[in-house]
Amino acid sequence: MKTTTRVCVIGGGVVGCSVLYHLTKLGWSDVMLIERSDLTSGSTWHAAGGFHTLNGDTNMAALQGYTIRLYKELEEITGMSCGLHHVGGVTLADNPDRFDMLLAERAKHRYMGLETAIVTPDEIAKIAPIVNLEGILGGLYDPLDGHLDPSGTTHAYAKAARMGGAVIETHCKVLETNSRPDGSWVVVTEKGTIHAEHVVNAGGLWAREVAAMAGTYLPLHPMEHQYIVTDDIAAIYERDSEHPHVMDPAGESYLRQEGRGLCIGFYEQPCRPWAVDGTPWDFGHELLPDDFDKIGDSIEFAYRRFPVLESAGVKSVIHGPFTFAPDGNPLVGPVPGLRNYWSACGVMAGFSQGGGVGLTLAQWMIEGEPERDVRAMDVARFGGWITPGYTRPKVVENYQKRFSVSYPNEELPAARPNRTTPMYDIFDRMGAVWGQQYGLEVANYFAVEGEPRYETPSFRRSDAFDATAREVKAVREAVGINEVQNFGKYLVTGPRARDWLDRIMAGRIPAPGRLSLTPMLSERGKVIGDFTVSCLTPERYQLTASYGAQAYHLRWFLRHQEDGASIENISDKRTGFQIAGPRAREVLQAVTRSDVSDIAFMDVRALVVGMTDCLVQRVSYTGDLGYEIYCDPMAQRQLWQTLWDAGQSFGMQPFGMRAMMSLRLDRFFGSWGAEFSPDYSAAECGLDRFISFRKNTDFIGRSVAEAERATPPDRCLAVFEVDAEGADAHGYEPVWIDGTVQGFCTSGGYAHHTGMSVAMALIPRDKAQAGLRAEIEILGKMRPATLLSEPVFDPKGARMRG
Ligand SMILES: Cc1cc2nc3c(=O)[nH]c(=O)nc-3n(C[C@H](O)[C@H](O)[C@H](O)COP(=O)(O)OP(=O)(O)OC[C@H]3O[C@@H](n4cnc5c(N)ncnc54)[C@H](O)[C@@H]3O)c2cc1C
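Each chain carries its own residue numbering, running from 1 in the written order of its sequence. The predicted origin of the model limits local features to residues at a pLDDT of at least 70 and limits the giving and counting of side-chain atom pairs to 80 or more, whereas totals for whole chains, interfaces and linings rest on all residues. Side-chain descriptors were evaluated using all non-hydrogen atoms of the structure, hydrogens and water having been removed beforehand.

**Some remarks on the overall build of the protein**
Thinking step 1. Where helices and strands are cited, they refer to DSSP runs of H or I of at least four residues and of E of at least two residues respectively, numbered from the N terminus. The helix and strand tally for the protein stands at 20 helices and 37 strands.
Thinking step 2. For 802 residues, the compact-globule estimate of 2.2 N^0.38 gives 28 Å, and the protein sits close to it at 27 Å.
Thinking step 3. Each principal axis of the C-alpha distribution contributes one length, and for the protein these read about 85 × 60 × 50 Å.
Thinking step 4. Looking at the protein residue by residue over its 802 residues, the buried ones come to 60%.
Thinking step 5. Within the protein, residue pairs in contact and separated by at least 24 positions form 72% of the contacts whose partners lie at least 6 positions apart.
Thinking step 6. Positive charges come from Lys and Arg alone, negative charges from Asp and Glu alone, with His and the N- and C-terminal ends not counted. Charge positions come from single atoms, namely NZ of Lys, CZ of Arg, CG of Asp or CD of Glu. Charge centroids of the protein, computed over 78 positive and 101 negative side chains, lie 6 Å from each other. The globule rule is 2.2 Å times the number of residues to the power 0.38, and the radius of gyration it is compared with is taken over C-alpha atoms. Partly exposed describes any residue whose relative accessible area lies between the buried limit of under 20% and the exposed limit of over 50%, with all areas from a 1.4 Å probe on protein chains only and scaled to the type maximum. Only heavy atoms matter for contacts: two residues are in contact if any of them lie within 4.5 Å across the pair.

**Let's talk about the side chain of Asp-666**
Thinking step 1. In this fold, Asp-666 is placed in helix α17 (residues 657-666).
Thinking step 2. If near-sequence neighbours (up to four positions away) are discounted, Asp-666 is found in contact with Arg-476, Ala-751, His-753, Thr-754, Pro-791, Val-792 and Phe-793.

**Observations regarding the sheet that holds strand β33 (residues 734-737)**
Thinking step 1. Whether two strands pair comes down to DSSP finding at least two bridges between them. One closed barrel accounts for six strands, arranged β32-β35-β34-β33-β36-β37; its pairing is antiparallel. With direction set aside, neighbouring strand axes in the sheet form an average angle of 45°.
Thinking step 2. Of the strand pairs in this sheet, strand β34 (residues 740-751) and strand β35 (residues 756-764) are connected by seven bridges, and their pairing is antiparallel. Following the sheet pairing, Cys-745 is matched in β35 by Ala-761.
Thinking step 3. Fitting a line to C-alpha atoms yields each axis, with helices limited to the stretch in contact; the angle taken between N-to-C directions then spans 0 to 180 degrees. Seen against the sheet, helix α3 (residues 96-112) touches β33, β34 and β36 (773-778) and runs at an angle of roughly 60° to β33.

**With respect to the environment of Thr-91**
Thinking step 1. With respect to the element layout, Thr-91 can be found in strand β4 (residues 89-93).
Thinking step 2. Separated by 157 residues in the primary sequence, Thr-91 and Asp-248 place their C-alpha atoms 6.1 Å from one another.
Thinking step 3. Apart from residues lying up to four places away in sequence, Thr-91 is in contact with Leu-54, Leu-102, Gly-138, Gly-139, Leu-140, Met-247 and Pro-249.

**Some thoughts on the site of the ligand**
Thinking step 1. Near, as used in this document, describes a residue that has one of its heavy atoms within 4 Å of the molecule or strand being considered. Near the ligand lie 40 residues; those nearest to it are Glu-35, Arg-36, Thr-44, Val-347 and Gly-350.
Thinking step 2. Here an oxygen atom of the ligand and a backbone polar atom of Val-14 are 3.3 Å apart.
Thinking step 3. Here a polar contact is taken to be a pair of N or O atoms separated by no more than 3.5 Å, where protein atoms must pair a possible hydrogen donor with a possible acceptor and residues adjacent in sequence count only if both atoms sit in side chains. Within the backbone of Val-347, one N or O atom sits 2.6 Å away from an oxygen atom of the ligand.
Thinking step 4. With the chains in place, 97% of the 1,000 Å² that the ligand exposes on its own is no longer accessible.
Thinking step 5. Of all the secondary structure elements, the ones that give two or more residues to the shell around the ligand are α1 (14-25), α6 (207-213), β12 (221-230), β16 (314-324) and α9 (350-367).
Thinking step 6. Under this grouping Gly is polar, as are all residues other than the nonpolar Ala, Val, Leu, Ile, Met, Phe, Trp, Tyr, Cys and Pro and the charged Asp, Glu, Lys and Arg. Grouping the amino acids of the shell around the ligand by side-chain chemistry returns 21 nonpolar, 16 polar and three charged. In these tables, accessible area is a Shrake-Rupley quantity obtained with a 1.4 Å probe, and a residue counts as shielded only by the protein chains included in the view.

**Things to note about the environment of Gly-265**
Thinking step 1. Here Gly-265 lies in strand β15 (residues 261-266).
Thinking step 2. Sequence spacing of Gly-265 and His-225 is 40 residues, and the spatial spacing of their C-alpha atoms is 8.0 Å.

**Quick look at helix α5 (residues 150-163)**
Thinking step 1. Any helix carries an expected span of 1.5 Å times its number of residues minus one. Over its 14 residues, α5 runs 20 Å from end to end, which matches the ideal 20 Å to within 8%, given 1.5 Å per residue.
Thinking step 2. Of the positions making up α5, those classed as buried are Pro-150, Gly-152, Thr-153, Thr-154, Ala-156, Tyr-157, Ala-158, Ala-160 and Ala-161.
Thinking step 3. Tucked into the core, α5 has its buried residues touching α1, α2 (58-78), β8 (167-169) and α9.
Thinking step 4. With a side-chain oxygen positioned 3.2 Å from the backbone nitrogen of Ser-151, the residue opening α5 is Asp-149.
Thinking step 5. Looking one or two residues beyond α5, the residue adopting positive phi is Gly-165, at roughly 105°.

**Overview of empty space enclosed by the protein**
Thinking step 1. Any residue with an atom within 4 Å of a point lines the site, the site being either a cavity, points on a 1 Å grid over the protein atoms alone where a 1.4 Å probe fits but cannot get out, or a pocket, an open set with protein on both sides within 12 Å along at least 5 of 7 lines. Grid points are joined across faces, edges and corners, and a volume is the space filled by probe spheres set on the points. Using the criterion set out here, one finds one cavity of 30 Å³ or more in the structure.
Thinking step 2. Along the walls of the largest cavity sit Phe-427, Leu-440, Glu-441, Val-442, Ala-443, Asn-482, Glu-483, Gln-485, Asn-486, Phe-655, Gly-656 and Met-657, which together make up its complete lining.
Thinking step 3. The set of elements that each furnish at least two residues to the lining of the largest cavity consists of β20 (440-446) and β21 (479-483).
Thinking step 4. The element contributing the most residues to the lining of the largest cavity is β20, with four residues.
Thinking step 5. When its residues are assigned to classes, the lining of the largest cavity shows six nonpolar, four polar and two charged.

**A word on the sheet that holds strand β25 (residues 540-546)**
Thinking step 1. Strand order in the open sheet made by the five strands is β23-β24-β25-β22-β26, with antiparallel pairing throughout. The open sheet is flanked by β23 (515-521) and β26 (566-569), the only strands paired with a single partner. In this sheet, neighbouring strand axes are inclined to one another by 30° on average, regardless of whether the strands run parallel or antiparallel.
Thinking step 2. Examined bridge by bridge, strand β24 (residues 527-537) and β25 share five bridges and lie antiparallel to one another. For Ser-534, the partnering residue across the bridge sits in β25 and is Gln-542.
Thinking step 3. Seen against the sheet, helix α14 (residues 550-559) touches β22 (487-493), β23, β24, β25 and β26 and runs at an angle of roughly 75° to β24.

**Quick look at the nonpolar core**
Thinking step 1. The set of buried Ala, Val, Leu, Ile, Met, Phe, Trp, Tyr and Cys residues whose side-chain atoms join them within 4.5 Å is what this entry labels a nonpolar core. In this structure, Leu-501, Met-505, Phe-531, Tyr-541, Leu-543 and Phe-557 are the most contacted members of the largest nonpolar core, which totals 80 residues.
Thinking step 2. Looking at this core, the element that brings in the most residues is β24, giving five residues.
Thinking step 3. Excluding its chain neighbours within four sequence positions, the residues that come into contact with Met-505 are Thr-518, Pro-519, Met-520, Phe-531, Val-533, Leu-543, Phe-557, Lys-695 and Phe-699.
Thinking step 4. Core analysis: the second largest hydrophobic core is formed by 46 residues, Tyr-66, Ala-156, Val-347 and Leu-361 among them.

Any functional reading would require information that these geometric values do not contain.
So, in structure tokens, the structure goes:
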């Protein structure tokens, strides 16, 4: 057996083989794969082999599209058959919300270039005649849906990889993975030891065990899953063409033709996690015992939806386990805290996603970063706080909601509350309606007496509307208060702290006592963070950014760490409040003996507030006069009491994330994950104005930023007022200009202060002229939209800076 290799991929399922193939495809041939048994010996061999492009995340959908197109390429390269059946598929909608979701999906597909179509019940009757259309409002047809032979496809990946120089070692269990000081790995197997520069965990059903060998935990869990293959059905085998796939979300089922009969699988509500305490090493080619009780209700529903099933005999039942992450998306990328250790795990739809996962990981390993924003499947989207006790109920929830409508304002209830700040019970008593960010409970808004304590999920304006309006009004007319816990916070210290920040951040690093806003760019010039940097002393800096990006940002910081600058994640060690609104200064003055009148916009100052040592920053995402006041979490309740008591005579009200996201629209402030993401360069999303081209540092991403300064990119961020009808833009709605789709929304919402529906969008730069008339497709309706050339509140920033 080969004893040294550049990459050792552990696991010969469809995902491991795809990773191996993509490494060779992108130019690394000194790569090997180790498989415990034969290839496909995990969940791969018993998959139903279905594939589809639909995914709530646009980039995931694009990668699924890549996977499906790849199969032809694999067949051509290897001469092997993947057993492809491109039969198309229709997803049914039996209620208005589900239909809204399909309309929103279809709209996204327009600029993605996917040829899906909304179909009427009559059209469904022609496409999929075995469907009982009672109660069906319509559907979404996707011509790319289909199925394949799971084993043939996995072997085709393997053959293509071998043709590119890869070596595959089967019947060779990996026993240990031990890191070496130089960042490489010793992989101990049953057949000997391998020295590998990189390790990829593609252990599928055993990914938890393989991760534990490296001393890490990956948040995934196997679930049992069952599908049935029927005997021959005349209505199927008498057709001239193969019957397409039918996804029936109401019945939580997927169905397709299998030979002369049908195959139907269920995501049943009484689902069961499998192998809770670990996957047995001797599990392999056996199935789980049939369990018709578990899917009894689902079968009954299926009889009504597909009456031909009632008289069809059961030919076989496939009941096996496969793994899920808490949100159902794969866990891909460099594992935080480990060097040269990569995850390709938690892939619940290996035949829709395996190609995209392989491509992404290979790009990351070989080129340093993936070509698109893959945060939806980045293994770093979960932090060190995650445990098996959290993962399991979330995975169950995800399984049960596999076919549910997902709403833009939805807050999922499982495993909550999990992480709370000292304010939890105080805010709860004040009527907080909670959301969740990175495991942390965050107040979305505060309901008053008589209002529901639950925000109904909706694609339209929700029942948070009145509360949000109330909170926005309090901020704009008096003063609002909310927590700053949900910022990611970092302390950078040391004699080279400033130099390091100058290299890592594209913007200006401020002088002591000042703060600045700066993008952080990748080598390719993509936006990987929007930071506030506060200079406390020349050797001490506090950074704030998105709370949910902690593991993502920290991984980047540590990758680029240098002697003389140490970095500490203090996200949960510093907390506090922001107060914002025209009376915010009066509140602050009332709680400190220091004179606050000379704290200028973008100043940072140490102050004693009440009896608490605080760091006060004069900045606010609300676009109003505002202060962020940071303290030790042990003092947070005391600080709250001080600010809240003093605030009463100034009309202080608490406000939550819904109001914050409305307030930022007034000033056209972008937000992380929407306008600012690794999909866009700084010049595309407008963050280039914070780049310091004058500083004498070769900051990461500089060459691309310089090039874009000389020749601006073709698209840019624009803001529209939308003539909306009870539903606002949320993100990815197409923007029609001169009758064609020329852009898409990054985010939007209702700006309560001005009473406008606002949408932020990327459009062609040459079209971004004041007064441009466009149309934005929201839930299937073309809504007129007008480009706004300046912020609708305080355009000169007088309130914010005054
Ligand atoms: C009933 C059922 C139906 C399904 N239907 C579909 C479908 O229609 N479409 C779809 O896309 N997906 C479907 N899936 C899911 C699909 O099977 C998985 O997404 C896919 O198989 C995941 O592949 P993998 O390579 O990540 O994991 P696995 O297939 O589990 O592969 C992991 C491999 O790693 C090896 N391994 C683990 N530990 C070690 C070690 N220490 N040393 C050496 N080797 C090791 C294992 O032996 C195994 O071969 C279905 C799953 C089930 C259970």
